[in-house]
Amino acid sequence: RHEQHAGYAASIAGYLTQKPGICLTVSAPGFLNGLTALAHATTNCFPMILISGSSEREIVDLQQGDYEEMDQLAVAKPVCKAAFRVLHAQDIGIGIARAIRAAVSGRPGGVYLDLPAKLFAQTMDATSGKRSLVKVIDAAPRQLPAPESITRALDLLKSAKKPLIILGKGAAYAQADADIRAFVEKSGIPYLPMSMAKGLLPDTHPQSASAARSMVLKEADVVMLIGARLNWLLSHGKGKAWGTEPKKFIQVDIEPKEMDSNVEILAPVVGDIGSCVAAFNAAMGGWQAAPADWMKTVTTKRDENVAKMAPRLMNNNSPMDYHGALGVLKNIVKERPDAILVNEGANTLDLARGIIDVYKPRKRIDVGTWGIMGIGMGFSVAAAVETGHQVLAVEGDSAFGFSGMEVETICRYHLPVCIVILNNNGVYKGTDVNPTGGTDVAPTVFVKDARYEKMMEAFGGVGVYASTPDQLRAGIEQAFASRRPTLINAIIDETAG
Ligand code: ADP
Ligand code: TZD
């Protein structure tokens, strides 16, 4: 229903399949709507191609006022990995091939392909048309790491007293799941998954340090990043979050320029993650597992934190609080680990990320590097279409509002998507007071008791109003059993958050 969501769907299809998702839009305003998603794809290292029609070049360049006039190639360039324009029908094959290669090779990203109006009236005979198409061979070639970089990294890792592995969404994208798991397990080192890397190893894995995150970041002495950047999500590798213990970093990434971007990387390993991790596994030989006392410190802290949280997740309050509602969702996903979890919001995001365990790779997709609202329904559509699995979208009420109209798309294609809106009447919570007085509500407060479930009913899907954890569970179980598009309006105490 809106190009931005088509674009988000394309971007996450690229992430899930390693094939660039393709989004087609009309010119100027349609192009601009899709551009947000293209920029998002580039920022998150997802392969995607935005193809857009554009006005006549001659008129655009002289700014003579064409229908939807805009110099789209120039506008797209700063936010994408590559941008191309095709002016002749015989160049379409080459244009598409260049776009595919640019999107998936090296660090993946968003590519723009501009098709001006002039192109559409052109014809070619079928035989030369066919000949002009290009078969893209080995679009994302393996990039083997230098052998000495592998030795350097393993030597540093061996010297550690308190090592830590951080897995990022680049590792999940790489689809080297078995090798990554084998490496982590053989190393015996505690690991921390970034949000979309959850499930590469099950969150219940004995080496998972998720529930001891603050502690391991502070205490670790050698940190190995695999497909994760030291950006804001990791406090740039320095400052309070990283404590006073001096850190030595190993970084595994396909992008050489990522090294030393925030702090010194003592052991850079540049290559594709599949090849790098396979090289580590081959070179590890008789590996001495990580110091047992360190692992014990990590698991003690983790188990303490998990035990502290457990009773809150079982509360049966009505209206619900976040923990009561998310406790239900945690159990649902535990029983159905093939479901794909889509997640956006603020409290809804932060708490769901910590509480809902993920058991398999690429089963959690969320707001990504920018922390954007609006990915929810586009991601849900793409996840359902690309995988055929049940989707569970856990949405803040504000977050849902950015893409809500796409529930019609979900109904139109009968997709197995169950949306749970944690509805607390506003952004963060629903009790803010307008600081300027007057009769208007605060800017963060929405219409109270909004009946979001009726939006789904409007298009023939199932709407559920749930004010208790039991009603929430029953609604989701019904949705998963029927695979019908379902929207559950889960009523959260508006003071919660
Ligand atoms: P997270 O947000 O999970 O921490 P980031 O998006 O910051 O992860 O980092 C992902 C990193 O993974 C990027 O630096 C990207 O270059 C890298 N990457 C993506 N695909 C591959 C791959 N196949 N091999 C190696 N590195 C990859
Ligand atoms: N616009 C976009 C595109 N992305 C954003 N991240 C924001 C605005 C700012 N923003 C956040 O960072 S979280 C959020 C906004 C608007 C909404 C949080 O409210 P919610 O979730 O109802 O979705 P909770 O759980 O009630 O906090």
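Refer to the structure presented above.
For clarity, every value in this text was computed on a predicted model and none was experimentally measured.

A. Spatial organisation of the overall build of the protein. Of regular secondary structure, the protein possesses 20 helices and 15 strands. Taken against the 2.2 N^0.38 rule, which gives 23 Å for 497 residues, the C-alpha radius of gyration of the protein at 24 Å falls within 12% of a compact globule. For the C-alpha atoms alone, the extent of the protein along its principal axes is close to 70 × 65 × 50 Å. Put simply, the protein has 497 residues, and 55% of those count as buried. When contacts within the protein are restricted to residue pairs at least 6 apart in sequence, long-range pairs at least 24 apart make up 76% of them. Summing over all exposed atoms, the protein offers an accessible surface of approximately 21,100 Å²; the carbon and sulfur share of this is 56%. Across the protein, 51 positive and 51 negative side-chain charges occur, with their mean positions spaced 6 Å apart.

B. Layout of the sheet that holds strand 9 (residues 267-270). The strand order across the open sheet built from 5 strands is 6-5-7-8-9, with neighbouring strands paired in parallel fashion. Lying at the two open borders of the sheet, with one neighbouring strand each, are strand 6 (191-193) and strand 9. Along the sheet, successive strands turn relative to each other by an average axial angle of 15 degrees, direction set aside. Pairing of strand 5 (residues 163-167) with strand 7 (residues 222-226) involves 5 bridges; the strand directions are parallel. Bridge pairing links Pro163 to Val222 in strand 7.

C. Main features of helix 15 (residues 347-355). Among all positions in helix 15, only Asn347, Thr348, Leu349, Ala352 and Ile355 are buried. Tucked inside the fold, the buried residues of helix 15 contact helix 13 (292-313), helix 14 (322-335), strand 10 (340-344), strand 11 (364-366), strand 12 (391-396) and strand 13 (417-423).

D. Region of interest: unusual backbone geometry. Residues Ser318 and Pro319 are joined by a peptide bond in cis, for which omega reads -5 degrees. Counting through the fold element by element, Pro319 comes out in the loop between helix 13 and helix 14. One non-glycine residue with positive phi stands out, namely Glu68, at about 45 degrees. Note that Glu68 resides in the loop between helix 3 (57-61) and helix 4 (72-76). For Arg362, which is not glycine, the phi torsion reads 55 degrees and is therefore positive. Counting through the fold element by element, Arg362 comes out in the loop between helix 15 and strand 11.

E. Structural detail: the pattern of salt bridges. Enumeration according to the criterion identifies 23 salt bridges in this entry. One salt bridge in this structure joins Arg57 and Asp71, with 3.8 Å as the shortest N-O distance. Residue Arg57 is found in helix 3, and its partner Asp71 is found in the loop between helix 3 and helix 4; the two are separated by 14 residues along the sequence. Note on Arg57: relative accessible area 11%, which makes it buried. Residue classification places Asp71 among the partly exposed residues on the basis of a relative accessible area of 33%. For Lys360, the salt bridge identified is with Asp338, shortest N-O distance 2.9 Å. Of this pair, Lys360 sits in the loop between helix 15 and strand 11 while Asp338 is found in the loop between helix 14 and strand 10, placing the two residues 22 residues apart along the sequence.

F. Geometry of the site of ligand 1. With respect to spatial proximity, 20 residues lie near ligand 1, and among them Arg107, Lys169, Arg229, Asp253 and Ile273 are the closest. In the model, an oxygen atom of ligand 1 is placed 2.8 Å from a nitrogen or oxygen of the Arg107 side chain. Measuring from a nitrogen atom of ligand 1, one finds a backbone N or O atom of Ile254 at 3.1 Å. A total of 580 Å² of accessible area belongs to ligand 1 in isolation, and the protein chains cover 96% of it. For the shell around ligand 1, a count of residues per class yields 9 nonpolar, 6 polar and 5 charged.

G. Structural context of the site of ligand 2. What surrounds ligand 2 is a group of 17 residues, the closest being Asn347, Thr348, Gly371, Asp397 and Ala399. In the model, an oxygen atom of ligand 2 is placed 2.9 Å from a nitrogen or oxygen of the Asn347 side chain. Asn424 places a polar side-chain atom, nitrogen or oxygen, 3.2 Å from an oxygen atom of ligand 2. Protein coverage of the free-state accessible area of ligand 2, which is 600 Å², stands at 75%.

H. View of the nonpolar core. In terms of nonpolar packing, the biggest core is built from 83 residues, with Ile180, Phe183, Ile365 and Ile419 touching the most fellow members. Element by element, the count of residues in this core is highest for helix 1 (residues 3-17), at 7 residues. Apart from residues lying up to four places away in sequence, Phe183 is in contact with Leu154, Leu157, Ile165, Met224, Ile226, Val277, Phe280, Asn281 and Met284. Of all hydrophobic cores here, the second largest spans 30 residues; its members include Met320, Ala325, Cys418 and Ile492.

I. Main features of the side chain of Gln251. Within the fold, Gln251 resides in strand 8 (residues 248-253). With a relative accessible area of 1%, Gln251 lands in the buried category. When near neighbours in sequence (up to four residues on either side) are disregarded, Gln251 contacts Leu225, Ala228, Arg229, Glu258, Met259, Ile265, Ala267, Pro268 and Val269.

J. Spatial organisation of helix 5 (residues 92-104). Look at helix 5: 19 Å from first C-alpha to last across 13 residues, which is about the 18 Å you get at 1.5 Å a residue. Among all positions of helix 5, only Gly93, Gly95, Ala97, Ala99, Ala102, Ala103 and Val104 are buried. Considering only its buried residues, helix 5 is in contact with strand 2 (48-54), strand 3 (82-85) and strand 4 (110-116). Two residues or fewer past helix 5, Gly106 is found with a positive phi of approximately 55 degrees.

Rules used in this analysis
Within each chain, residues carry numbers counting from 1 in the order of the written sequence. All chains are assigned letters beginning with A, and all ligands numbers beginning with 1, in the order in which they are written. Whole-chain, interface and lining totals are the exception, using all residues; otherwise, since this is a predicted model, local features are given only for residues with pLDDT of at least 70 and side-chain atom pairs are given and counted only at 80 or more. Based on all heavy atoms of the structure, the side-chain values leave hydrogens and waters out of the count. Counting from the N terminus, the helices are the DSSP runs of H or I reaching at least four residues and the strands are the DSSP runs of E reaching at least two. The globule rule is 2.2 Å times the number of residues to the power 0.38, and the radius of gyration it is compared with is taken over C-alpha atoms. Residue exposure (1.4 Å probe, protein chains only): buried if accessible area is under 20% of the type maximum, exposed if over 50%, otherwise partly exposed. We call two residues contacting when some pair of their heavy atoms lies within 4.5 Å. Where accessible areas are quoted, they stem from the Shrake-Rupley method and a 1.4 Å probe; at the residue level, only the protein chains shown are allowed to cover. The charge count includes Lys and Arg as positive and Asp and Glu as negative, but it does not include His or the ends of the chains. Where a charge sits is defined by one atom per residue type, namely NZ (Lys), CZ (Arg), CG (Asp) or CD (Glu). When DSSP finds two or more bridges between two strands, those strands count as paired. Lines fitted to C-alpha atoms define the axes, with helix axes restricted to the stretch in contact, and inter-axis angles between N-to-C directions lie between 0 and 180 degrees. For this document, the term salt bridge refers to a Lys or Arg side-chain nitrogen within 4 Å of an Asp or Glu carboxyl oxygen. Only heavy atoms are used to decide nearness, and a residue is near a molecule or strand if one of them lies within 4 Å of it. Under this definition, polar contacts are N or O atom pairs within 3.5 Å; protein pairs additionally need one hydrogen-donor-capable and one acceptor-capable atom, and for neighbouring residues in sequence, both atoms have to be side-chain atoms. Polar here means any residue outside two lists: the nonpolar Ala, Val, Leu, Ile, Met, Phe, Trp, Tyr, Cys and Pro, and the charged Asp, Glu, Lys and Arg; Gly therefore counts as polar. As used in this record, nonpolar core signifies buried Ala, Val, Leu, Ile, Met, Phe, Trp, Tyr and Cys residues forming a set joined through side-chain atoms within 4.5 Å. Each residue after the first adds 1.5 Å to the expected span of a helix.

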